[in-house]
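# Per-entry structural report
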There are 2 protein chains.
Amino acid sequence: MPNSEKTEVIRGKAQEARPLDAFDRKILGELAQDAGLSYAELGSRVGLSAPAVHERVKRLRATGRIRGTVAMLDGPEMGKPFLAFVHVDSTGWGKTKELLAISELPEVEEIHSVAGDACMLLKVRCASSRSLEGLLARLYALPCVKATRSYVVLSTFLERTPQAGITEALEETMNPLDTATE
Amino acid sequence: MPNSEKTEVIRGKAQEARPLDAFDRKILGELAQDAGLSYAELGSRVGLSAPAVHERVKRLRATGRIRGTVAMLDGPEMGKPFLAFVHVDSTGWGKTKELLAISELPEVEEIHSVAGDACMLLKVRCASSRSLEGLLARLYALPCVKATRSYVVLSTFLERTPQAGITEALEETMNPLDTATE
DNA sequence: CATGAAAGTAAGCAGAA
DNA sequence: TTCTGCTTACTTTCATG
């Protein structure tokens, strides 16, 4: 069927607008916990046939809802028992080039720019306090870095990837201004 | 083979002690980026046969180096564009029961206890500033919570799961005390 | 290397716009 | 009717002993 590609192109990003239905949420919920499930098993859990669920997963991947499937490695087992969050006060504005350099380090897992009294926030996992020191040294070597504050993790109670669910109850407000408008 | 189990038991956690070799690191590096690879493809990338690489992956899973394989979901696409890190000052000590309650919320992705001027550090991803407020309200409802500081993420430059690599160069020290002993 | 299971494809059908 | 999406049946690839 030579026309199928064309159809995709014509529809363009229309599929991105399609909201998630209950089936999609259940599928995503399962896959966020275990992406190793067979389509048959996944289908029986959400109440769909294997090809149907396969089709939906393909769509969820294509539209970017699923960014990929990865193996979750264990930090300590990998020889990196030191987890820390580093707040970075910087002058000037987050030069992409400088960030590129440190994002290459396998020790650096997250880099965010944040509002609040810090400009950048890093999540780093490394072998020892020594290597954390080495990483901070690299940071201070950057001209824009003014100060850092490190929060060393003592123990981790929960650590997971983004979940599909939304807690509607959190939208409740205690603000009298809002109740007035409602 | 009825004796294989026995051997395993006798060796006990000996397999955990087995250090990662270069092949293991390469395998883990690939799987941390894409766990959807076939064993054949994985084998050709690291220079091993498919069954060989399969055996290694099985061992890496059994010994806990690989904690599981999950689908990475896109926060904004899931209707949760608000990412924030919340520092919690608490009195008394991290009652597990109370943590259990908030770790059930799909908005909460990480809970750590940290050294530094905060006691707990949360990573939360939610639908709106309103729901972040709702989550803070739940936190303050806990008797041990004294204060919170929230760092709202403006943009994310890097976000990934633990990596296999270790940067040896980070172990370099600038401390004269250490160079003296060496 | 061989077997069996699972992924992926194609064709047909039912329900909703 | 036309379109979207589920199901059954089939092919092919891959995991696994």
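Predicted model only: the values in this text are computed from it and were never measured. (Residues numbered from 1 in each chain as written. Chains lettered and ligands numbered in written order. Predicted model: local features only at pLDDT ≥ 70, side-chain atom pairs only at ≥ 80, totals over all residues. Heavy atoms only, no water.)

### Here we look at the protein's contact with DNA strand C
Residue and element names in this part refer to chain A. Around DNA strand C sit S38, Y39, P51 and H54, and that is every residue in its neighbourhood. Sugar and phosphate atoms form 80% of the subset of DNA strand C atoms that lie within 4 Å of the protein. Here a phosphate oxygen of DNA strand C sits 3.1 Å away from a polar atom, N or O, in the main chain of Y39. For DNA strand C, a phosphate oxygen lies 3.4 Å from a polar atom in the side chain of H54. In terms of residue class, the surface near DNA strand C is made up of 2 nonpolar, 2 polar and no charged. (Near = heavy atom within 4 Å. Polar contact = N/O pair within 3.5 Å; in protein donor to acceptor, adjacent residues only side chain to side chain. Nonpolar A, V, L, I, M, F, W, Y, C, P; charged D, E, K, R; others polar.)

### Observations regarding the protein's contact with DNA strand D
Around DNA strand D, a shell composed of 11 residues is seen, among which R18, S49 and R56 of chain A together with Y39 and H54 of chain B lie nearest. Considering the 4 Å shell around the protein, atoms of DNA strand D inside it are sugar or phosphate in 82% of instances. Between DNA strand D and S49 of chain A, the relevant distance is 2.7 Å, taken from a phosphate oxygen to a side-chain nitrogen or oxygen of the residue. Within the backbone of Y39 of chain B, one N or O atom sits 3.1 Å away from a phosphate oxygen of DNA strand D.

### Details of the domain arrangement of chain A
On domain assignment, one finds that chain A holds domain 1 (17-71) and domain 2 (76-152). A separation of 34 Å is found between the C-alpha centroids of domain 1 of chain A and domain 2 of chain A. (Domains from an automatic or database assignment.)

### Quick word on helix α3 (residues 22-33) of chain A
All names here are of chain A. With 12 residues, α3 ought to run about 16 Å at 1.5 Å a step, and its terminal C-alpha atoms sit 17 Å apart, in line with that. Within α3 the residues assigned to the buried category are D24, I27, L28, L31 and A32. Taken end-on, α3 shows its buried residues confined to a sector of 130 degrees, consistent with a single buried face. In α3, those exposed residues whose orientation departs by more than 90 degrees from the buried face are A22 and Q33. Two to three positions downstream of the cap, the backbone nitrogen of F23 sits 3.1 Å from a side-chain oxygen, assigning the N-cap of α3 to D21. (Helix = DSSP H or I, 4+ residues; strand = E, 2+ residues; numbered from the N terminus. Expected span 1.5 Å × (residues − 1). Buried < 20%, exposed > 50% of the residue type's maximum accessible area, 1.4 Å probe, protein only. Arc of directions from axis to C-beta.)

### Concerning the side chain of S128 of chain A
Examined against the element boundaries, S128 of chain A turns out to sit in the loop between β4 (120-126) and α7 (129-141). For S128 of chain A, a relative accessible area of 17% puts it in the buried group. A distance of 3.0 Å separates polar atoms of two side chains, one belonging to S128 of chain A and the other to E171 of chain B. Those residues in contact with S128 of chain A, other than ones at most four positions away along the chain, are F82 of chain A together with E171 of chain B. (Contact = heavy atoms within 4.5 Å.)

### Re the pattern of salt bridges
Applying the stated rule across the entire model yields 30 salt bridges over all chains. The residue K123 of chain B makes a salt bridge to E110 of chain A at a minimum N-O spacing of 2.8 Å. Of this pair, K123 of chain B sits in strand β4 (residues 120-126) while E110 of chain A sits in strand β3 (residues 108-114), which puts the two residues in different chains. Neither K123 of chain B nor E110 of chain A differs from the other in exposure class; each is buried. Between R45 of chain B and E30 of chain B there is a salt bridge, with its nearest N and O atoms 2.9 Å apart. On the criterion of sequence distance, the pair formed by R45 of chain B in helix α4 (residues 39-46) and E30 of chain B in helix α3 (residues 22-33) is long-range, its members being 15 residues apart. Of the residues examined, R45 of chain B reaches a relative accessible area of 41% and is grouped as partly exposed. A single salt-bridge network, built from bridges that share partners, covers E109, E110, K123, R125 and E159 of chain A together with E109, E110, K123, R125 and E159 of chain B. (Salt bridge = Lys/Arg side-chain N within 4 Å of Asp/Glu carboxyl O.)

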